[in-house]
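The chain contents come next:
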Amino acid sequence: MLNRIWLLLAAGLLAAPAAAAEGAAACGGETPCRIDGGEYHMALPEAWQGGPAVMFLHGYGSSGAKVIANTGLVAGFTRRGYAVIAPNGLPWKEGKPSDWSVRDGWNTYPRNDLAFLRDVLADAAARAGVEPGRLLLSGFSRGGSMVWDAACQAPEFAAAYAAVAGGFWLPMAQDCKGPVRLLHIHGFTDKVVPLEGRVIQGSVAEIIQADIWEGLQLWRRENSCRRNAAGHETEDGIWRKRWDCDAGGLELILHKGGHGLPKGWSAMALDWFEGVER
């Protein structure tokens, strides 16, 4: 009888971690993963056994659910063996659109997003075996601005950073906490986030997008880059500049479009990321 009780106890103890793991994994796709502070969505490659990830931050007023629903965007990463993590921003004020805690001189935002993104990454590592040391933090528009802020304030958070159509806001940082590997992608004709910056007309407070060129100059200083670009490429409406840097790395990709993600951008970002990872 005692032996039977011990066997039952042992079976229960062995089953407990499996049940916990099954419960922890019960999110993904349209079903959000919930943690203290918010939610995120996740998509995994087929036959996933753990590995690198792209954390993608949505634009103003969007959501992680919409990112994951963009099958073309997600497949561009999962086909190459990357998990996609899409956190949800919060409304900057009750009843207002979702946003990120971008440093812009007027912050009514209710959450510390750097702490939240750290918690998201830790949760994705526990749930799905994402390797925190192989993270590419990316984002579009206001999400791209959050990528620049995260790179500046927490350079150790991700292995590299890839922002699209979003940079610093004013008052712009004068220095950052360390060098980073940064890729910036921007539309040459972007009028929503112009390369030269702009004042947001009609905003509750006067908030100003900083000049992208000025921001890149800061990154050149922070990464101890040579003054002039080491490489230039122009092909099919894509213009690239790459700087040689003593620490970190810096590359700029301009495309002939406006405020959007250029065709093939995920492959550009991953090719760059895998190059700087080596």
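Residues numbered from 1 in each chain as written. Predicted model: local features only at pLDDT ≥ 70, side-chain atom pairs only at ≥ 80, totals over all residues. Heavy atoms only, no water.

Asker: Go over the overall build of the chain, please, and point to the residues and values.
Answerer: Looking only at helices and strands, the chain has 7 helices and 14 strands in total. In terms of C-alpha radius of gyration, the chain reaches 21 Å, essentially the compact-globule figure of 19 Å for 278 residues. Seen through its C-alpha atoms, the chain measures out along the principal axes to roughly 80 × 45 × 35 Å. A total of 278 residues make up the chain; the buried ones form 50% of that total. (Helix = DSSP H or I, 4+ residues; strand = E, 2+ residues; numbered from the N terminus. Rg over C-alpha atoms; globule rule 2.2 N^0.38 Å. Buried < 20%, exposed > 50% of the residue type's maximum accessible area, 1.4 Å probe, protein only.)

Asker: Just give me the short version of the sheet that holds strand β1 (residues 33-35), but keep the residues and values in it.
Answerer: If you trace the 10 strands from one edge of the open sheet to the other, you get β1-β2-β4-β3-β7-β8-β9-β14-β13-β12, paired in mixed fashion. Where the open sheet ends on each side, the last strands, each with one partner, are β1 and β12 (231-235). Neighbouring strand axes in the sheet, compared pairwise and without regard to direction, differ in orientation by 20 degrees on average. Direction of pairing for strand β13 (residues 238-243) relative to strand β14 (residues 249-255): antiparallel, over a ladder of 6 bridges. Following the sheet pairing, Ile238 is matched in β14 by His255. Against the sheet, helix α4 (residues 113-128) touches β1, β2 (38-43), β3 (51-57), β4 (83-87) and β7 (130-140), its axis set at about 45 degrees to β2. Helix α5 (residues 142-153) contacts β3, β7, β8 (160-164) and β9 (181-187) of the sheet and is inclined by roughly 135 degrees relative to β7. (Pairing = 2+ DSSP bridges. Axes fitted to C-alpha atoms, helices over the stretch in contact; angles between N-to-C directions. Contact = heavy atoms within 4.5 Å.)

Asker: Break down the packing of α5 against helix α6 (residues 212-222) for me, with residues and values.
Answerer: Contact pair α5 / α6: the axes reach a minimum separation of 12 Å and the direction vectors enclose 25 degrees. For the element pair α5 / α6, the angle class is roughly parallel. Every pair of crossing elements has a handedness; the one defined by α5 and α6 is left-handed. Across the interface between the two elements, Trp148, Ala151 and Cys152 of α5 pack against Ile212, Gly215, Leu216 and Trp219 of α6. Taken together, the residues that form the contact of α5 with α6 break down as 6 nonpolar, 1 polar and no charged. (Parallel < 35°, antiparallel > 145°, perpendicular 65-115°, else oblique. Left-handed = near helix turned anticlockwise from the far one by under 90°. Nonpolar A, V, L, I, M, F, W, Y, C, P; charged D, E, K, R; others polar.)

Asker: Describe helix α7 (residues 265-277), naming the residues involved and giving the relevant values.
Answerer: Over its 13 residues, α7 runs 18 Å from end to end, which matches the ideal 18 Å to within 8%, given 1.5 Å per residue. Trp265, Ser266, Met268, Ala269, Leu270, Trp272 and Phe273 are the residues of α7 that are buried. (Expected span 1.5 Å × (residues − 1).)

Asker: Tell me about the state of the cysteines, and please be specific about residues and values.
Answerer: For the coordinates displayed, the defined rule picks out 3 disulfides. Shown here is the disulfide that connects Cys27 with Cys33, its sulfur atoms set 2.0 Å apart. Here Cys27 and Cys33 share a disulfide; its torsion about the S-S bond, 85 degrees, makes the bridge right-handed. Here Cys33 falls in the buried class, since its relative accessible area comes to 0%. Paired by a disulfide, Cys152 and Cys176 hold their sulfur atoms 2.1 Å apart. In this structure, the disulfide formed by Cys152 and Cys176 twists by about -95 degrees around the S-S bond and is classed as left-handed. Here Cys152, found in helix α5, pairs with Cys176, found in the loop between β8 and β9; they are 24 residues apart in sequence, far enough to count as distant. (Disulfide = S-S within 2.5 Å.)

Asker: Which residues make up the packing of aromatic side chains, and what values do they have?
Answerer: The tally for this structure, following the rule as stated, stands at 7 aromatic pairs. Both rings, one in Phe77 and one in Trp265, keep their centres 5.6 Å apart while their planes meet at 80 degrees; by these two values the pair is edge-to-face. Of this pair, Phe77 sits in helix α3 (residues 71-78) while Trp265 sits in helix α7, and the two are 188 residues apart along the sequence. Here Phe77 and Trp265 have matching classes, each one buried. Here the aromatic cluster, defined as three or more aromatic residues joined through ring pairs, consists of Phe56, Phe77 and Trp265. Seen from the ring of Phe116, Arg111 lies directly overhead, with NZ or CZ sitting 3.6 Å from the centre. Taking NZ or CZ as reference, Arg142 lies 4.5 Å from the ring centre of Trp169, over its face. (Phe/Tyr/Trp six-rings, centres within 6.5 Å; stacked < 30°, edge-to-face > 60°. Lys NZ or Arg CZ within 6 Å of the ring centre and 35° of its normal.)

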